[in-house]
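Here is how the chains run, residue by residue.
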Amino acid sequence: MVMFAFFIPKEAFAHAYVVSSNPAANEELNQQPPSVSITFSEGIESGFHAIKVLNAKGDRVDKGDTVIKDQKIMEAALKKNLPKGIYTIQWNAVSADGHSVSGMIPFSIGKAAGGFDQLEQGQTDESIDVASTIDKAFLYTSFSLFLGTILFGLLWFRAAISPVLAKRMKRLLTLSLIMMGGALVFQLPIQTKSAADVSFLGAFQPSLLQETIASTSGGSLWMMLMASFVLLTIWTIVAVRKGDFSSFRVWLFPLLLFTVLLWLKAQIGHPAATDNKILTTSLDFIHLVSASIWVGGLTAIVLLLMKKLPNEDDPLIRNTLTAFHPWALLSVGLIVFSGFVNAIFILQSFDALFQSAYGRTFLIKLGLFIIMGLLGLMHYLMLRWEKKQKRSVSLRAEWMIGIAILLLTAVFTNIPSPPPPAPEPFFGANQVEHRDIVSLSITPNAPGKNSFEVAFTKKNGETITDIQSVTAKIHKVALFGDETPSEFQLKRLKNGHFSAENLLLNEKGTWKIEIHALTGSFKNIDTTFIRRN
């Protein structure tokens, strides 16, 4: 929990939610706006998005063109001279993590007179897709089978590989490639089904498949995944025909291609939609590799040496397990670390960890990993202490838990991440030269339009009344230096209080706000606030 509190970011969502809309939900307008717009917490895909504005009769009153601005804003122009009445914005989009989202936002031109009560409103998230869950279960299983079988021959099996064992390894590699290819092929129509909101059979329409490939990041990545898979299959066939399962030289290129494939897979899903994409996708890649080593290694040992497992005295099994367990323990550590940190960036809060479906599923997955890790540690200690009782039973138990984790992961990746918490206003107070106190408040403290208010008081609490002018410089703090600042003037509200409204706080992150004030006696008051979001 201490790690959770230390690492947790203020905002890093992996699922698009509505941050604001213009008009706002249930807003009563005096006159017709020229357009309607919706701002999302994260970027949305350029394909499969739409805004429809309907009047009370269900007729469309927008011009039929929906545009995306700055990746997070969806906008549609309205027809002119709309009469007074209640209108509904119906919208749908695909968030960067591949999940489809939709919703309705009612507003009125003129008084609504209670008409909003009868209207559905809010956001609807895509439910868990059974087809996608099954597909990912096959895909993750194939990853584990492929990597586990190769590393079994290269790293863990220390004896000469017999023709019988080589035949089993060929079968496992063939099975893994068939499962992997099938799962990857079906990912495209499954993505299309989700994005276009059609049936599974309807997703095979060429026009929809083409839009998925051309207008979504998931479609582009699917093309690269398929290209990598084809190359991987060709080089694996070449390596298998050489018949040397213990040669790094033979298997180096298939392993490199498999690494590329896992890296591409890490670019799809929740981690790829956070503000810290490079970090979270890198962690997801480490997670995939580590899980494939751990579960794949167990699977290879159980399936390839299955007939020998009951014989606990066989030194071949003992040596194989001895070589495997350090890799397994290292993989456990990397899995827990990468999964935990990524969950922090996606969940955003302690409450989401326990109250959202995503958080509860993560806790179950973490619990299974811990059990599996304890079993692995027990096997390692049994080998060191030469304990032989019931080792095959506990090894199979560890393997079965690993399979359960793969299935749970397939479900886990299809659960929408929790919605972002409501923004909290920023407030800070700095003492200048041990005398004056400058306070700054930012409301609502979210990307978009914000109100900045600065107050000046003396150390004893009295208001400083002779402030003549106040300016502020605001700029985002970047990794390799601050960005170019924007300057604005604040207007006097009353003595010692100044305010301004603007759109300069236009994205999440760390921002530096420099306040400069000039008194009637030409004394400068300067201070700096750091706002993190």
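Our structure's up above, just so we're on the same page.
Residues numbered from 1 in each chain as written. Predicted model: local features only at pLDDT ≥ 70, side-chain atom pairs only at ≥ 80, totals over all residues. Heavy atoms only, no water.

If you walk across this open sheet you meet the four strands as 1-3-6-5, and the pairing is antiparallel. Two strands bound the open sheet, and with one partner strand each, they are strand 1 (18-22) and strand 5 (62-69). If you compare each strand with its neighbour and ignore which way they point, the axes differ by 15 degrees on average. Across five bridges, strand 3 (residues 35-40) lies against strand 6 (residues 73-78) in antiparallel orientation. Within strand 6, the position partnered with valine 36 by the bridge is alanine 76. (Pairing = 2+ DSSP bridges. Helix = DSSP H or I, 4+ residues; strand = E, 2+ residues; numbered from the N terminus. Axes fitted to C-alpha atoms, helices over the stretch in contact; angles between N-to-C directions.)

What follows covers unusual backbone geometry. Leaving glycine out, the prevailing phi sign among residues is negative, and the prevailing peptide bond configuration is trans. The omega torsion of the bond from asparagine 22 to proline 23 falls at 5 degrees, within 30 degrees of zero and hence cis. Its location among the elements puts proline 23 in the loop between strand 1 and strand 2 (27-29). Residue proline 444 is reached from threonine 443 by a cis peptide bond, and omega for that bond is 5 degrees. Here proline 444 lies in the loop between strand 11 (436-443) and strand 12 (450-457). With a phi angle near 55 degrees, aspartate 70 is a residue other than glycine that sits in the positive phi range.

On to the pattern of salt bridges. Oppositely charged side chains are able to pair whenever their charged atoms sit close together. This model, assessed by the stated rule, comprises four salt bridges. A salt bridge links lysine 69 to glutamate 75; the nearest nitrogen and oxygen atoms lie 2.8 Å apart. Classification of lysine 69 by relative accessible area gives partly exposed; the value is 38%. One salt bridge in this structure joins lysine 523 and aspartate 436, with 3.1 Å as the shortest N-O distance. Taken as a pair, lysine 523 in the loop between strand 17 (510-519) and strand 18 (524-532) and aspartate 436 in strand 11 lie far apart in primary sequence, 87 residues in all. We classify aspartate 436 as buried; its relative accessible area is 8%. (Salt bridge = Lys/Arg side-chain N within 4 Å of Asp/Glu carboxyl O. Buried < 20%, exposed > 50% of the residue type's maximum accessible area, 1.4 Å probe, protein only.)

Function-wise, these values are silent; they only describe arrangement.
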